[in-house]
Amino acid sequence: MKIKNLRITTAGAVLLAAGLVLAAQASASQSALAKGKKLAFDRKKGNCLACHQIEGGTQAGNIGPPLMNMKQRFPNKAKLRAQIWDARKRNPHTIMPPFGPHRILSDKEIDLVTDFIYNL
Amino acid sequence: MKKIATLLLSAGLVAMSAQAVPSPQEDLKHFRDYFQRKFPGLKLDELRNGINALDENHRMQWEAMEEFPPYEEFVDKGKALWEKPFKNGKSFADCFGKDPSKVRVKYPQWDAKKKRVVTLELAINECRKANGEKPFKWKKGPIAWVSAYLGYMARGQKIHVVIPNDPDALKAYEHGKHFFYAKRGQLNLSCADCHVKYAGRRIRGNLLSPALGHVTHFPVFRGKWANKSKDGDGLGTLHRRYGGCNKQQRARPFKAQSKVYRDLEFFHQYMSNGMTINAPSYRE
């Protein structure tokens, strides 16, 4: 009985621990999304709001299309990242700054912004 | 046969070079047509009012400011400087002629001898130096007061930049034009991106003015500049504004009155030929 009890507790602890890990993962991606959002809105970083309307952003410009339903428009996330990395690939005369090649954002920052935009 | 080939070739070359480099007159026509098509409801001269021509809220704020113009006292200071004799007994009138209303329209002008563009501000300081006076600082203060006074006296006259048919003058013009259309800075933006292609749109909170008519009200009086100064003097020259807009591209600004900015001004002012001078004017 004692042993059985112990087993149950161990199993419970394992389950609990697994649950904690899952929760930790979920909150990590929440905070990554928050980081991406901050980078996208920051005037000194992405400043995407200068040209695009984005949910939750204020004083947005209207030079580029509003960024919404992005999974429909960019089912392939790599293509979305490529657009943010260097918009000149799709349109050589674009006004959208080449965030990657001109080092306006780092690789890591572009990943974070891409995640945030992809989830809009 | 050879003769005909050469003839065809040279005819082709002539046609090609004529196509490759449109004349300033052709540029001006395209520039105007473009904006008149973009803003069909606005008369040519209305476009010079920039964002105030495009947005009712800005227009109301602007009209209220113009009722008690904050630039008036600085225009008066410019008048006083214009009238005050130099130490040698001469004055600005000895350089520019007696009538202060006839000065603004002559600038910028091509100086064929020195092969360079002379702006009004450059001429003001060269006049001072020639008379043994210390030159003014380039972007604000006394130089902007005198320039604003001369612009104010010329209100109602039309911008009239002459680009002589001289290869060096055309080179300066082309240089300025190229600068205007070239992508620049970390953000890779051109003047034309913001003030031609997307004129009338909003970039973050700011409405973008059309480049057509930009120069008619310079030196401009900006609320932002007035707030930054100790005595509420918001006047600044065109080259001060160029520096600010270069920074918006995250590019290093050039010196006021450098060759680059003078050439840019040559092109930029020429594009407003025929539009009515309204200097100085209030902007945010």
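Each remark here, short or long, concerns the structure printed above.
Read on for an overview of the structure. (Residues numbered from 1 in each chain as written. Chains lettered and ligands numbered in written order. Predicted model: local features only at pLDDT ≥ 70, side-chain atom pairs only at ≥ 80, totals over all residues. Heavy atoms only, no water.)

1. Side note on the interface of chain A and chain B
We count it as follows: Residues count as neighbours in contact if any of their non-hydrogen atoms are within 4.5 Å of one another. We define buried area as the total accessible area lost by two parts upon association, computed with a 1.4 Å probe and summed across both. Polar contacts, as used here, are pairs of N or O atoms within 3.5 Å; protein pairs need one atom able to donate a hydrogen and one able to accept it. Residues neighboring in sequence count only if both atoms are side-chain atoms. The nonpolar class holds Ala, Val, Leu, Ile, Met, Phe, Trp, Tyr, Cys and Pro. Asp, Glu, Lys and Arg form the charged class, and all remaining residues, Gly among them, are polar.
Taken together, the contact between chain A and chain B spans 22 residues of the former and 16 residues of the latter. A combined buried area of about 1600 Å² lies between chain A and chain B, and 46% of that area is made up of carbon and sulfur atoms. Of all residues in chain A, Asn62, Ile63 and Ile95 of chain A give up the largest surface area on contact with chain B, accounting jointly for 36% of the area buried on that side. If you look at where chain A meets chain B, you find 13 residue pairs in polar contact (both at pLDDT 80 or more). Counted by class, the side of chain A that touches chain B contains 9 nonpolar, 8 polar and 5 charged residues.

2. Description of the sheet that holds strand β6 (residues 235-236) of chain B
Note on sheets: strands pair through backbone hydrogen bonds, and any given pair is parallel or antiparallel. Residues and elements named next belong to chain B. Inclusion rule: Pairing between two strands requires that DSSP report at least two bridges joining them. By the criteria applied, helices consist of DSSP H or I runs no shorter than four residues and strands consist of E runs no shorter than two, each listed in order from the N terminus.
Across the sheet, which stays open at both edges, the 3 strands sit in the order β6-β5-β7 with mixed pairing between neighbours. This sheet does not close on itself; its edge strands, each paired only once, are β6 and β7 (282-283). Where strand β5 (residues 220-222) and β6 come together, 2 bridges link them in antiparallel fashion. Its bridge partner being in β6, Phe221 is matched across the sheet by Leu235.

3. Notes on empty space enclosed by the protein
All names here are of chain B. Test applied: Grid points spaced at 1 Å and placed over the protein atoms alone form the basis of the search, with a cavity being a set where a 1.4 Å probe fits but cannot get out and a pocket an open set showing protein on both sides within 12 Å along at least five of seven lines. Lining residues have an atom within 4 Å of a point. Grid points are joined across faces, edges and corners, and a volume is the space filled by probe spheres set on the points.
Under the defined criterion, the tally for this structure stands at 2 cavities of 30 Å³ or more. Roughly 100 Å³ of internal volume is contained in the largest cavity. Together, Arg104, Tyr107, Pro108, Leu120, Glu121, Ser147, Val215, Phe218, Pro219, Leu238, Glu265 and Gln269 line the largest cavity. The set of elements that each furnish at least two residues to the lining of the largest cavity consists of α7 (120-130) and α13 (259-270). Quantified by volume, the second largest cavity comes out at close to 50 Å³. Contributing to the lining of the second largest cavity are Ile51, Asn52, His58, Gln61, Trp62, Tyr282, Arg283 and Glu284. Sorting the residues of the lining of the second largest cavity by element identifies α3 (51-54), α4 (56-67) and β7 as the ones contributing at least two each. Among the elements that take part in the lining of the second largest cavity, α4 stands out by supplying 3 residues, more than any other. Partitioning the lining of the second largest cavity into residue classes produces 3 nonpolar, 3 polar and 2 charged.

4. Digging into a negative patch on the surface
Residues and elements named next belong to chain B. We apply this condition: A patch is a set of surface residues, each over 30% in relative accessible area and not in a salt bridge, joined within 9 Å for like charges and within 5 Å for the nonpolar side chains Val, Leu, Ile, Met, Phe, Trp and Tyr. Here, Shrake-Rupley sampling with a 1.4 Å probe gives the accessible areas, and only protein chains in the shown set may cover a residue. For this analysis, a salt bridge means a side-chain nitrogen from Lys or Arg found within 4 Å of a carboxyl oxygen belonging to Asp or Glu. Asp and Glu are treated as the negative residues and Lys and Arg as the positive ones, with His and the ends of the chain left uncounted. By convention, charge coordinates are those of NZ in Lys, CZ in Arg, CG in Asp, or CD in Glu. The buried label goes to any residue with under 20% of its type's maximum accessible area, the exposed label to any with over 50%, and the partly exposed label to all in between, with areas taken from a 1.4 Å probe on protein chains only.
Together, Glu72, Glu73, Asp76 and Asp231 give the surface a local cluster of negative charge. If you trace the backbone, Glu73 turns up in helix α5 (residues 72-83). Take Glu73: its relative accessible area is 47%, and that puts it in the partly exposed class.

5. Observations concerning the environment of Ser272 of chain B
All names here are of chain B. Assignment of secondary structure puts Ser272 in the loop between α13 and β7. Using a relative accessible area of 0% as the deciding quantity, one classes Ser272 as buried. Linking Ser272 and Leu44, residues 228 residues apart in sequence, is a C-alpha distance of 9.7 Å. Apart from the residues lying within four places of it in its own chain, the contact partners of Ser272 are Ile159, Ala211, Leu212, Gly213, His214 and Val215.

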